[in-house]
Amino acid sequence: CVCAPEWTTDDTEECQETQYGCEANACDGDGRPWCNVLQMPCSYADPDSGVNTGAYGGDWIYCTPDGAPKPPPPPSPSPAPPTPPSSPQECVCAPEWTTDDTEECQETQYGCEANACDGDGRPWCNVLQMPCSYADPDSGVNTGAYGGDWIYCTPDGAPKPPPPPSPSPAPPTPPSSPQECVCAPEW
């Protein structure tokens, strides 16, 4: 005979809860561990076990808990449902940007300039933050072209470059050399 991996019996309220194999503490308070057997008929050497005496239905044995099946671990909490991906924010031009595409584009560009630094017929800019979404299907964020971090844009309302620095004031004109002092003939 072998213990059933999981079992219950109506003997006591505690035994009506699922028991696992041969538990160290008998559910009914008996001083010896016992379990219901997996399959009947079976034979077992202990003469006091139910399969030999017929007591309490005869479908149980006194058992040794060592190596007995252990209760299954409690069910792990259900993982949180995956967070649906949030829609990326709308693409906006970076206020200042450069790129290595052409020598002209290596100079700081400001937002969406009217004339593309690489000579493209349409104004474009690098975006402020990726990922982002943009309606124009030809923009890099949608095609992946040239690194994919740029969009075609409309220059109206785009950040303007800072004004050029004021020219340095002309250095002061040094005073002309004083003439030699001469006494007035009359005074």
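For the structure given in this document, a descriptive report is provided here. Keep in mind the model is a prediction, meaning the values are calculated, not measured.

**Digging into the pattern of salt bridges**
Then comes step 1: The full count for this structure, using the stated rule, is 4 salt bridges.
Then comes step 2: The partner of Asp-48 in a salt bridge is Arg-32, with the nearest N and O atoms 3.9 Å apart. Within this pair, whereas Asp-48 is found in the loop between strand S3 (34-36) and helix H1 (50-53), its partner Arg-32 is found in the loop between strand S2 (19-20) and S3, the two being separated by 16 residues in sequence.
Then comes step 3: In this structure, Arg-122 engages Asp-136 in a salt bridge whose closest nitrogen and oxygen atoms are separated by 2.5 Å. Of the two residues, Arg-122 sits in the loop between strand S7 (109-110) and strand S8 (124-126) while Asp-136 sits in the loop between strand S9 (132-133) and helix H2 (140-143), which places them 14 residues apart along the sequence.
Then comes step 4: Arg-122 sits in the partly exposed class, given a relative accessible area of 37%.

**Structural notes on the nonpolar core**
Then comes step 1: If you look at the biggest cluster of nonpolar residues, it comprises 17 residues, and the most contacted ones within it are Trp-124 and Ile-151.
Then comes step 2: At the level of secondary structure, the elements contributing two or more residues to this core comprise S8 and strand S10 (150-152).
Then comes step 3: The leading source of residues in this core is S10, at 3 residues.
Then comes step 4: Apart from residues lying up to four places away in sequence, Trp-124 is in contact with Trp-97, Thr-99, Asp-101, Cys-105, Ala-116, Cys-117, Asp-118, Trp-150, Ile-151, Tyr-152 and Cys-153.
Then comes step 5: With 15 residues, the next largest nonpolar core counts Ala-4, Trp-7, Cys-27 and Tyr-62 among its residues.

**Looking at the environment of Asn-25**
Then comes step 1: Of note, Asn-25 is situated in the loop between S2 and S3.
Then comes step 2: With 40 residues separating them along the chain, Asn-25 and Pro-65 place their C-alpha atoms 8.9 Å apart.

Conventions adopted
- Residues numbered from 1 in each chain as written.
- Predicted model: local features only at pLDDT ≥ 70, side-chain atom pairs only at ≥ 80, totals over all residues.
- Heavy atoms only, no water.
- Salt bridge = Lys/Arg side-chain N within 4 Å of Asp/Glu carboxyl O.
- Helix = DSSP H or I, 4+ residues; strand = E, 2+ residues; numbered from the N terminus.
- Buried < 20%, exposed > 50% of the residue type's maximum accessible area, 1.4 Å probe, protein only.
- Core = buried A, V, L, I, M, F, W, Y, C linked by side-chain atoms within 4.5 Å.
- Contact = heavy atoms within 4.5 Å.

These results come straight from atomic positions and should not be treated as a statement about function.
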